[in-house]
Amino acid sequence: MTALTSVVGFLSPAIASAAMTIKLSLPFWLGTVFLLLAFPTVLLLPVEGDVPDDTSEARRPLISSPTLKAQASRTSLVTSVVDRAHALVSAVGNFQLALLLLSMFLTSLASADTKLLAQYISKRYHWTFASAGYLLPAKAFANFFLLTFVVPLFLTTHGNSGSQSLSDSANIRYARFCLVSSVFGALAIGLSSAIWVLVPSLVIYALGVPLSIFTLSLANSPNMWARAASSEAETSDPQSHVFSIIMMVKTLGSLIGAPLMAALWYHGIQASLYGTPYLVSSLTYLAAWCVFWNIGA
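Please read these numbers as outputs of a predicted model, since none were measured by experiment.

**Considering a nonpolar patch on the surface**
For step 1, the next point in the chain: A surface patch of nonpolar side chains, about 480 Å² in accessible area, is lined by Val 180, Phe 184, Leu 187, Leu 191, Ile 204 and Leu 279.
For step 2, the next point in the chain: Along the chain, Val 180 falls in helix α10 (residues 164-191).
For step 3, the next point in the chain: Residue Val 180 is classed as partly exposed on the basis of its relative accessible area, which comes to 31%.

**Digging into helix α6 (residues 95-110)**
For step 1, the next point in the chain: In this model, α6 (16 residues) spans 23 Å end to end at C-alpha, consistent with the 22 Å of a helix rising 1.5 Å per residue.
For step 2, the next point in the chain: Burial analysis of α6 places 13 of its 16 residues in the buried class, which makes it a mostly covered element.

**Observations regarding unusual backbone geometry**
For step 1, the next point in the chain: Unlike most non-glycine residues, His 126 shows phi in positive territory, near 60 degrees.
For step 2, the next point in the chain: When its relative accessible area of 73% is taken as the criterion, His 126 is described as exposed.
For step 3, the next point in the chain: Unlike most non-glycine residues, Ser 272 shows phi in positive territory, near 60 degrees.
For step 4, the next point in the chain: Along the chain, the position of Ser 272 falls in the loop between α14 (238-270) and α15 (276-293).

**What to know about the side chain of Ser 192**
For step 1, the next point in the chain: With respect to the element layout, Ser 192 can be found in the loop between α10 and α11 (195-206).
For step 2, the next point in the chain: Engagement of the side chain of Ser 192 in a polar contact is seen with the backbone oxygen of Ala 188, the distance being 2.5 Å.

**Comments concerning α11**
For step 1, the next point in the chain: Its twelve residues place the ends of α11 17 Å apart at the C-alpha level, agreeing with the 16 Å of an ideal helix rising 1.5 Å per residue.
For step 2, the next point in the chain: Turning to α11, its buried residues number three or more, namely Leu 198, Ser 201, Leu 202, Tyr 205 and Ala 206. Along α11, the residues classed as buried sweep out an arc of 135 degrees about the axis, all on the same side.

**Notes on the packing of α6 against helix α12 (residues 211-219)**
For step 1, the next point in the chain: Contact pair α6 / α12: the axes reach a minimum separation of 11 Å and the direction vectors enclose 160 degrees. One finds that α6 runs roughly antiparallel with respect to α12. Helix-helix and strand crossings are classified by hand; for α6 and α12 the assignment is left-handed. The segment α6 lies against α12, with Leu 100, Met 104 and Thr 107 engaging Leu 211, Thr 215, Leu 216, Leu 218 and Ala 219.
For step 2, the next point in the chain: Looking at side-chain class alone, the contact of α6 with α12 contains six nonpolar, two polar and no charged residues.

**Here we look at the packing of aromatic side chains**
For step 1, the next point in the chain: One pass over the full model with this rule turns up eight aromatic pairs.
For step 2, the next point in the chain: With 6.1 Å between their ring centres and 85 degrees between their planes, Tyr 120 and Tyr 125 make a pair best called edge-to-face. The exposure classification of Tyr 120 matches that of Tyr 125, with both residues buried.
For step 3, the next point in the chain: Ring geometry for Trp 289 versus Trp 293: centroids 5.2 Å apart, planes at 35 degrees, classification tilted. Separated by four residues within a single helix, Trp 289 and Trp 293 lie in helix α15, roughly one turn from each other.
For step 4, the next point in the chain: The partly exposed category is assigned to Trp 289, whose relative accessible area is 25%.
For step 5, the next point in the chain: Looking at Trp 293, the relative accessible area reads 47%, which means it is partly exposed.
For step 6, the next point in the chain: When the ring centre of Tyr 174 is taken as reference, the NZ or CZ atom of Arg 173 above it lies at 5.5 Å.
For step 7, the next point in the chain: Over the face of the ring belonging to Trp 293 we find Arg 176, whose NZ or CZ atom lies 4.1 Å from the ring centre.

The rules we used
The numbering scheme is per chain: residues are counted from 1 as the chain's sequence reads. Whole-chain, interface and lining totals are the exception, using all residues; otherwise, since this is a predicted model, local features are given only for residues with pLDDT of at least 70 and side-chain atom pairs are given and counted only at 80 or more. To get the side-chain values, take all heavy atoms of the structure and skip hydrogens and water. What makes a patch is a set of residues exposed beyond 30% relative accessible area and free of salt bridges, joined within 9 Å when like-charged and within 5 Å when nonpolar (Val, Leu, Ile, Met, Phe, Trp, Tyr). Here the open area of atoms and residues is found with the Shrake-Rupley method and a 1.4 Å probe, where only the protein chains shown may cover a residue. Salt bridge, as used here: a side-chain nitrogen of Lys or Arg that lies within 4 Å of a carboxyl oxygen of Asp or Glu. Secondary structure counts use DSSP, requiring at least four H or I residues in a row for a helix and at least two E residues in a row for a strand, with both numbered from the N terminus. Note on classification: 1.4 Å probe, protein chains only; a residue is buried when its accessible area is under 20% of the maximum for its type, exposed when over 50%, partly exposed between these limits. Take the number of residues in a helix, subtract one, and multiply by 1.5 Å to get its expected span. Definition of a polar contact: a pair of N or O atoms within 3.5 Å, with one able to donate and the other able to accept a hydrogen when the atoms are protein atoms, and with sequence-neighbouring residues admitted only if both atoms are side-chain atoms. Our arc is simply the arc of the directions from the helix axis toward the C-beta atoms. To obtain each axis, a line is fitted to C-alpha atoms, and for helices this fit is confined to the stretch in contact; angles are then taken between N-to-C directions over 0 to 180 degrees. Any angle that falls under 35 degrees is termed roughly parallel, while one over 145 is termed roughly antiparallel, one within 65 to 115 roughly perpendicular, and all others oblique. Two helices that cross are described as forming a left-handed crossing if the nearer one is turned anticlockwise from the farther one by less than a right angle, and a right-handed crossing if clockwise. Any pair of residues with heavy atoms lying within 4.5 Å of one another is described as a contacting pair. Three classes are used, and their members are as follows: Ala, Val, Leu, Ile, Met, Phe, Trp, Tyr, Cys and Pro are nonpolar, Asp, Glu, Lys and Arg are charged, and the others, Gly among them, are polar. Geometry of aromatic contacts follows a simple scheme: Phe, Tyr and Trp rings, the Trp one being its six-membered ring, pair when their centres are within 6.5 Å, and the pair is stacked under 30 degrees between planes, edge-to-face over 60, tilted otherwise. In this scheme, the term charge over a ring applies when either NZ of a lysine or CZ of an arginine sits within 6 Å of the ring centre and within 35 degrees of the ring normal.

Here it is in structure tokens:
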């Protein structure tokens, strides 16, 4: 799923660029048509009555709702929300998990630079947006190859080891490699003086794309979130808390990173330092690597 999302996300600028050369408003209308086509596709998904009875576990929500908990236990909504917040704070009390969440926040913030890639290519190398859009699929195909063939091979090899510690060690090792690739890839993009230097820089940067797979695998490890805490019913399923925190942390990083990179891009243009967002992104990835280095299996 991640591989397909990556390819579609980076093929979209190329499709939009080709459509823009035909008619300026054509990308907008194509996007509207695709959204309309998604609506009947969603309607084809099976409803609850069409799902077999033995898949009740699959229908269980990933994140428990304080509202539903309050209704089920006949407690007040305020009490349920407070209990939920307390469980989240208790989960972050794990030092290893706190380091992992901090590294996720930094990487989410740093990855916001990819949204400026088309503008960066167009401004720095004096390409049209249509031409810049054709270059982005090169990164998408590198992502697709990594996420479809290379990463599953690594996960299968270490997933069959039978040892959770060995699997965690492998995930940590691969995540560190992805962070190093992101550091040097973002730095190379920011320093690329010509388009022929930018292309291999994009490939190096693409090697860091599987990072989220390895960090999420670590977050899913019992060694990461297991705690000798209270035996309350809500804390009996710590993975749901971890998933909630991860989504909040990554969303917060993206929300801060998007305006930050836009501001850096604006001031970089004023000073004719077009690579400023990517240089800052490289430093942020480096900070994430320093944080992640202290995580041990």
